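Descriptive analysis of the structure
So you can see what is in the structure, the chains are spelled out below.
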Amino acid sequence: PFAPWDGHDFAELPLLMKAAGKCTTDHISAAGPWLTYRGHLENISGNLFLGVVNAFREAEAGHGKDPLDGEVRSFPDIAKHLHEQGVPWCAIGDENYGEGSSREHAAMEPRFRGAKVIFARSFARIHEANLKKQGVLALTFADPASYDLIGEDDRISVIDLHELAPDRQVRCVVHGSDGATTEFAATHTMNDEQIEWFRAGSALNIIRRKHTS
């Protein structure tokens with residue numbers, strides 16, 4: 001089971017990846033031989049973001065800069081490093097992030113590896129729903145141009161989470177590597193029930209709680 005929300009804002013989350021252009025569920029969680037591991041979350045997470053085109057390194061698909069030590073590694077290795085060090089993180093998608101098949105592992109793997117928030121210019125509906133079920137905040141830039149504000153070494157805070165409510169925008173802050181800060185607004189499509197999924201850590205945690213009670 002995934003841990004419930006601890007009641008605190010997400011402060012200065014490092015950026016694991018920023019996708020450029022199309023980012024389907026197959027880019028996020030490749031199929032093929034990887035489906036051998038679909039019953040083993042640790043092993044199948046070895047494909048996380050492996051097909052993603054990095055907005056900062058378009059010639060090196062599936063690779064980026066590790067925010068902990070600055071080394072260039074594959075996204076699965078970076079995610080594993082952050083997970084092992086207990087560092088939560090965020091990621092950024094472009095338009096229609098998560099389009100394609102309704103592959104649940106494309107939401108489970110980021111959650112398992114420590115993703116707190118996925119930002120995007122827009123989400124594919126089914127993938128957005130899968131992220132909600134796993135307790136990951138799926139936030140859409142209120143202004144799509146906010147996507148361009150975020151650099152490779154920046155960190156993002158998501159604040160006033162105790163005020164999370166349907167149809168209410170979410171305040172976010174970009175902490176630049178140069179020390180400057182920039183605020184932007186994000187939207188979400190969660191209803192009251194889905195906000196409870198987030199607070200509980202996942203929809204499954206809610207089901208477990210109701211069953212045991």
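Above: the structure in question.
The text that follows walks through the structure, step by step, so that each part is easy to find. Note that the structure is a prediction, hence the values are computed from the model and not measured.

Considering the arrangement of structural elements, one finds Ile156 in strand β7 (residues 155-159). A relative accessible area of 0% means that Ile156 is categorised as buried. In this structure, the C-alpha to C-alpha distance between Ile156 and Thr182, residues 26 residues apart in sequence, is 9.5 Å. Dropping the residues within four chain positions of it, Ile156 is found in contact with Phe10, Ala11, Glu12, Leu13, Cys90, Ile92, Phe119, Ile150, Cys172, Val173, His175 and Phe184.

Time to look at the environment of Asn205. Looking at the secondary structure, you find Asn205 in helix α7 (residues 203-212). Here Asn205 is in contact with Pro1, Phe2 and Ala200, once residues within four sequence places are set aside.

Looking at helix α6 (residues 192-200), one finds that the buried residues are Gln194, Ile195, Trp197, Phe198 and Ala200. Contacts from the buried residues of α6 go to β1 (10-18), α5 (125-133), β6 (137-141) and α7. Here α6 starts with a cap whose side-chain oxygen sits 3.1 Å from the backbone nitrogen of Glu193, and that cap is Asn191. Count one or two residues on from α6 and you reach Gly201, which has phi positive near 105°.

Counting residues in each nonpolar core, the largest one holds 26 residues, and the members touching the most others are Phe119, Leu137 and Val158. Listed by contribution, the elements that provide at least two residues to this core are β1, β4 (89-93), β5 (115-120), β6, β7, β8 (170-175), β9 (181-187) and α6. Those residues in contact with Leu137, other than ones at most four positions away along the chain, are Phe10, Lys116, Val117, Ile118, Val158, Leu161, Leu164, Met190 and Phe198. Residues Cys23, Ile28, Phe75 and Ala91 belong to the second largest nonpolar core, which totals 24 residues.

Sheet topology places β6 next to β9; two bridges connect them, and they run antiparallel. In the strand pairing of β9, Phe141 is matched with Ala186. In this sheet, β9 lies alongside β8 in antiparallel orientation, the contact comprising six bridges. Each residue of the ladder has a partner; that of Val173, found in β9, is Glu183. Hairpin connection from β8 to β9: five residues lie between these consecutive antiparallel strands, with Gly179 at a positive phi of about 95°.

This part covers the sheet that holds β7. Pairing between the strands of a sheet comes from backbone hydrogen bonds, and it takes one of two forms, parallel or antiparallel. Around the barrel, which closes on itself, the seven strands sit in the order β1-β4-β5-β6-β9-β8-β7 with mixed pairing between neighbours. Averaged over all pairs of adjacent strands, the angle between strand axes in this sheet comes to 40°, irrespective of strand direction. For β1 and β7, the ladder comprises three bridges, and the chain directions are antiparallel. Looking at the pairing, Leu13 lines up with Ile156 of β7. Each of β1 and β4 is contacted by helix α3 (residues 75-84), which is oriented at about 160° to β1, the strand it contacts most. Strand contacts of helix α4 (residues 105-113): β4 and β5, with the helix running at about 130° to β5, the strand carrying the most contacts.

Basis of the calculations
- All residue numbers refer to positions counted from 1 along the written sequence of the respective chain.
- Reporting in this predicted model follows two pLDDT cut-offs: at least 70 for local features of residues, and 80 or more for side-chain atom pairs to be given and counted; totals over whole chains, interfaces and linings ignore these cut-offs and use all residues.
- Side-chain numbers come from the whole structure's heavy atoms, not from hydrogens or water.
- Numbering of helices and strands runs from the N terminus; a helix is a DSSP stretch of H or I covering at least four residues, while a strand is a stretch of E covering at least two.
- Categorising residues by exposure relies on relative accessible area from a 1.4 Å probe, with only protein chains included: less than 20% of the type maximum marks a residue as buried, more than 50% marks it as exposed, and the intermediate range marks it as partly exposed.
- It only takes one pair of heavy atoms within 4.5 Å for two residues to be counted as in contact.
- As used in this structure description, the phrase polar contact means that two N or O atoms lie within 3.5 Å; if the pair is within protein, one of them must be able to donate a hydrogen and the other to accept it, and residues adjacent in sequence are counted only when both atoms belong to side chains.
- Nonpolar cores are built from buried Ala, Val, Leu, Ile, Met, Phe, Trp, Tyr and Cys residues. Side-chain atoms within 4.5 Å join them into one set.
- DSSP bridges decide pairing: two strands pair if at least two such bridges lie between them.
- Helix axes are fitted to C-alpha atoms over the stretch in contact, other axes to C-alpha atoms as well, and angles between N-to-C directions run from 0 to 180 degrees.

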